[in-house]
Every structure is written in structure tokens, then in C-alpha cells.
Amino acid sequence: MLRYAQQRAQGCDIRGAGSRLASSLPPFSGSHHAQRTPLDRLTAGATPSGAPAGVPANAAQQAAASTAPAVPSAVTAATTAAAATPAVAAPAPAVAVDWSTSEIAAARASSNQPTATTTTPQQQVRRSQQSATTSVRPSTAAKVRSQLPVYLGAAAVAAALVIGAYRTFLTTAAHNAATAVSEGINQKRLQREAAARLNEMSSLLTNNATANLSAKNLGDEGTAYVVEALAFNTTCLAADFSNNGMGKVGMVQLAEVLNTCALQRLKLHANAIGDEGAVILAQKLSVSRLLSLDLGSNGIGDEGGAALAEALKLNTTLQKLDLSGNAIDVAGAKALAEALAANETLTSLVLSDNYLGLEGAKALGEALVQNKSLTELSIKGNELGDEG
């Protein structure tokens, strides 16, 4: 009995010292270890049966002593002596402790609570960013709401611009369409008027002995249309097509009908026949019935003059030829001089305002010695000089 009391007193003192040591140490924490649950604390530092959790061992002993039955004086003395004995350095043997059912249930309930975990620096930064984003979102929404009228105004202006551009496009398209229709109508009207005018000119050639069609702006196409009225025409004897812009094409059409009609006098002054037109006309002139031909101011050069000279050698009807205001040079003048020596019907030759020169004048003078029909020769404006 006495020995049991000593061991009990010694165990209580050891536990009290352990509790004081544990309370004096700082709490343990770490990133790799979870904190101890209440159940672990209860099982690690056992207290006497019936003592509530967290009560010091000495206080529990005093409460147990006050409730325990009285021990004989000898046991009390032994216990006092044992308490006065210094604590043994070796670890005390584990003391079996009886826990009540309610204490165990409370410890288990507390162990089910989630344990606090440590937070790493990365997690703290992430949480701070999330909180900052959460705090910014309301301010951004407020800013958008405050700028909503500006956005709506800009959208209205853009819509107005688009509508204006669309209306302008429609107006322009409608104007262009109306212009195209109007131009088409005008073109058709002009075509009808031109056709009427051409028919009127053709009627002049068909029904009159003399037809003055000068300065009618016929061109090649108009001339080609009108001269068809000369084909197999036995009425018209004189036609004037001066100043109509006739070129090679118009001359081709005129040359085709020249030998099928009764035309005697033809004026083609101030057109654009050129050398090509003169060559085409010369091919028909050799057998034509023309008595007078005016080709003045048509840009005829030496090539055209030479072609006409060859036609004069064969022609037996032409009496008057006007080549004034062209570009006939010395070569063309010599070719015409040779034609004059052979021709016996030509009575008038006009070569004013060309480029005959002294050599051309000498050739013409020699030809006049042999020609017996020519009565008029005009060579002014050729810079002949005194010798010429």
C-alpha cells in the first residue's frame, strides 16, 4: 500500500513537470507538417481519469486527493517523503489512464474539424491578385456605364454617316442612270436627225444637176452614205464636197461610183485626202468623164502628184485640175511636166502655193514647149525667184 502511494505521487510529479515544459515551448508550425489535432494532444499528454482537457496535472491531483478517501498516516508520511525526493532523470513509465465515453467523443468531434494549413507566398500573391481583380471589376463596370452615352452617340453618328453615304450612292446611281438614259435618247435622236439630213443630201444628188454639199461635216462615214446616191446617177453633173473632213475611206467610196455616174465637175477642196486618197482617185481618173477636178489643200505630196500625172497621160476628158495649197515638191513637179508633154486635153493647171522650186519651174517650162492644149498655168507662191 505504501509503495503504491509513492509510485502514484512520483508519476503525478513527472506529469506536472512535463506539462509545464510543454506549455513553455513555442507552438510548432511548418509548411510540410499539419498542426496536431485535439485528439493527438489528448493522447500524447494524458491526464488523470475524470480531469477535463487542458487542466494541469497538479490541479487534477489535488481534486482527486480531496475526493479520495483518507489514507493512513503512514501512507501520508511516505507520500510526503517521496514528494520531497528529487525527480528521476529517466523517462517515467507510461501510466494507464481511463477515459470516459463523453471525453473520447468530444476529442473525436474536435479532430473532425479541418486543420489549419499554411499558405505559400505564391498562393498569397494569387489571392491578392484575385482580390484586386474583384475590386477592379465594379469600378470597370461603373466606368463603362458612365461612358455608355458616349458610345451611343458615336454609334448614332456612325449610323448617320452610313445612311448619308448610302443616300448619296443611291442619288448618284439614279443620276447616272438618268444621264445614261438621256444620253441614249439624245444619241438616238441625233442618229435620226443625221439619217434625215443624209437622206436630204442624197436627195439633192439624186434630183438636182448641181449639189452643194460643202461644209456639212460629213466625214468618211457621211460621205460614204451620201455618195451612194451618185451610183448610176444620170442627173447630177456637178457636186461640191469641200470642207467635209473626207479622208481615205470616203475617197474609196467616192472612187467606186465615179465611173458609174454622169458627174463632170467635182470639188474636193480642203479635205484630208493625202497621198493615199490621191493614188486611189488617180486609178479611176484615167477613164472617168470628169471635166474639172479640184483637189486643192488636201495634203498631197510628191507621191500623190506622181500618181495623178500618170492618170493625166491616159485621160482624154479632164480639162481643169487644181492642186493648189498642197505639198508637191520638185519630184512631183517633174512628174506633172512629163504628163503635160503627153496630154492633149488639159487646158488649166493650178499649182499655186506648193514647193516646186527652180528645178520644178524649169521642168514645167520645158513641158510647155511640147504641150499644145494648156492655156492657163498658175504657179504663184512657190519661191521661184527671178530665174524661175
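Residues numbered from 1 in each chain as written. Predicted model: local features only at pLDDT ≥ 70, side-chain atom pairs only at ≥ 80, totals over all residues. Heavy atoms only, no water.

Colleague: For this particular structure, what's the right way to read the overall build of the protein chain?
Modeller: Secondary structure assignment for the protein chain yields 12 helices and 7 strands. Residue pairs at least 24 apart in sequence account for 86% of intrachain contacts in the protein chain once pairs closer than 6 positions are excluded. Entry remark: accessible area of the protein chain is about 23,900 Å², with carbon and sulfur atoms responsible for 58%. (Helix = DSSP H or I, 4+ residues; strand = E, 2+ residues; numbered from the N terminus. Contact = heavy atoms within 4.5 Å. Areas by Shrake-Rupley, 256 points an atom, 1.4 Å probe, with all protein chains shown as cover.)

Colleague: What is the right way to look at the side chain of S288 in this model?
Modeller: With respect to the element layout, S288 can be found in the loop between α9 (274-285) and β4 (292-294). Once you skip the residues sitting within four places of it in the chain, S288 turns out to touch L258, N259, N315 and T317.

Colleague: Please explain the nonpolar core as it appears in this structure.
Modeller: Residues L205 and F241 are the most contacted members of the largest nonpolar core, which totals 56 residues. If you list the elements that add at least two residues to this core, you get α6 (121-207), α8 (248-258), α9, α10 (302-314), α11 (330-342) and α12 (357-370). Residue contributions to this core peak at 6 residues, all from α11. (Core = buried A, V, L, I, M, F, W, Y, C linked by side-chain atoms within 4.5 Å. Buried < 20%, exposed > 50% of the residue type's maximum accessible area, 1.4 Å probe, protein only.)

Colleague: I tried to follow the pattern of salt bridges on my own but got confused; where do I start?
Modeller: For the coordinates displayed, the defined rule picks out 4 salt bridges. Here E276 makes a salt bridge to K248, at a shortest N to O gap of 3.7 Å. Residue E276 is found in helix α9, and its partner K248 is found in helix α8; the two are separated by 28 residues along the sequence. A salt bridge links K313 to E310, with the nearest nitrogen and oxygen atoms 3.3 Å apart. Within this pair, K313 and its partner E310 are both found in helix α10, separated by 3 residues, close to a single helical turn. (Salt bridge = Lys/Arg side-chain N within 4 Å of Asp/Glu carboxyl O.)

Colleague: What exactly am I supposed to notice about the sheet that holds β4 here?
Modeller: Sheets are built from strands paired through backbone hydrogen bonds, the pairs being either parallel or antiparallel. One open sheet holds the 7 strands; their spatial order is β1-β2-β3-β4-β5-β6-β7, and the pairing between them is parallel. Each having just a single partner strand, β1 (210-212) and β7 (376-378) make up the two edges of the open sheet. The sheet shows a mean angle of 0° between the axes of neighbouring strands, direction not considered. In this structure, strand β3 (residues 265-267) lies alongside β4, joined through 3 bridges in parallel fashion. Residue L266 lies in a different strand from β4, and its bridge partner there is L293. (Pairing = 2+ DSSP bridges. Axes fitted to C-alpha atoms, helices over the stretch in contact; angles between N-to-C directions.)

Colleague: How do you make sense of α10 when you look at a structure like this?
Modeller: One turn of the α-helix equals 3.6 residues, which is why residues spaced by three or four share an orientation. End to end, α10 covers 19 Å across 13 residues, agreeing with the expected 18 Å (1.5 Å per residue, within 8%). By the burial criterion, the buried members of α10 are G304, G305, A307, L308, A309, A311 and L312. On its buried face, α10 is in contact with α9, β5 (320-322) and α11. (Expected span 1.5 Å × (residues − 1).)

Colleague: Honestly, unusual backbone geometry in this entry has me stumped. Any pointers?
Modeller: Note on backbone geometry: most residues besides glycine have negative phi, and most peptide bonds are trans. Located in the positive-phi region is F232, a residue other than glycine, with phi close to 55°. Within the secondary structure layout, F232 lies in the loop between α7 (219-226) and β2 (238-240). Residue D353 is not a glycine yet carries a positive backbone phi of 60°. Relative to the assigned elements, D353 resides in the loop between β6 (348-350) and α12. Classification of D353 as partly exposed rests on a relative accessible area of 44%.

Colleague: Where do I start with the packing of α8 against α9 in this structure?
Modeller: When two helices pack together, their arrangement is given by the angle between the helix axes and by the axis-to-axis distance. Where α8 contacts α9, the two axes come as close as 9 Å, and the packing angle between them is 5°. With respect to their mutual orientation, α8 and α9 come out roughly parallel. Side by side, α8 and α9 meet where K248, M251, V252, A255 and L258 of the first sit next to E276, G277, I280, L281 and K284 of the second. Class assignment of the residues belonging to the contact of α8 with α9 gives a composition of 6 nonpolar, 1 polar and 3 charged. (Parallel < 35°, antiparallel > 145°, perpendicular 65-115°, else oblique. Nonpolar A, V, L, I, M, F, W, Y, C, P; charged D, E, K, R; others polar.)

Colleague: Can you help me understand the confidence of the model for the protein chain in this one?
Modeller: For the protein chain, the average pLDDT comes to 76, and 65% of its residues sit at 70 or higher. This stretch, residues 28-97, has a pLDDT under 50; its non-local contacts, to residues over four places away or in other chains, come to 53 contacts. (pLDDT = per-residue confidence, 0-100.)

Colleague: It is not clear to me how α12 should be interpreted in this structure. Could you clarify?
Modeller: Residues of α12 that are buried: G357, G360, A361, A363, L364 and A367. Taken down its axis, α12 places every buried residue within 160° of arc, on the same side. Among the exposed residues of α12, those oriented more than 90 degrees off its buried face are E366 and V369. Here the buried face of α12 lies against α11. (Arc of directions from axis to C-beta.)

Colleague: I tried to follow the packing of α10 against α11 on my own but got confused; where do I start?
Modeller: It is at 8 Å that the axes of α10 and α11 come closest, and there the two elements cross at 5°. Considered as vectors, α10 and α11 are oriented roughly parallel to each other. For the pair formed by α10 and α11, the contact residues are D302, G305, A306, A309, L312 and K313 on the first element and V330, A331, G332, A335, L336, E338, A339 and A342 on the second. A class-by-class count of the residues in the contact of α10 with α11 yields 9 nonpolar, 2 polar and 3 charged.

Colleague: So what exactly am I meant to see when it comes to the side chain of S378 here?
Modeller: Of note, S378 is situated in strand β7. Residue classification places S378 among the buried positions, given a relative accessible area of 19%.

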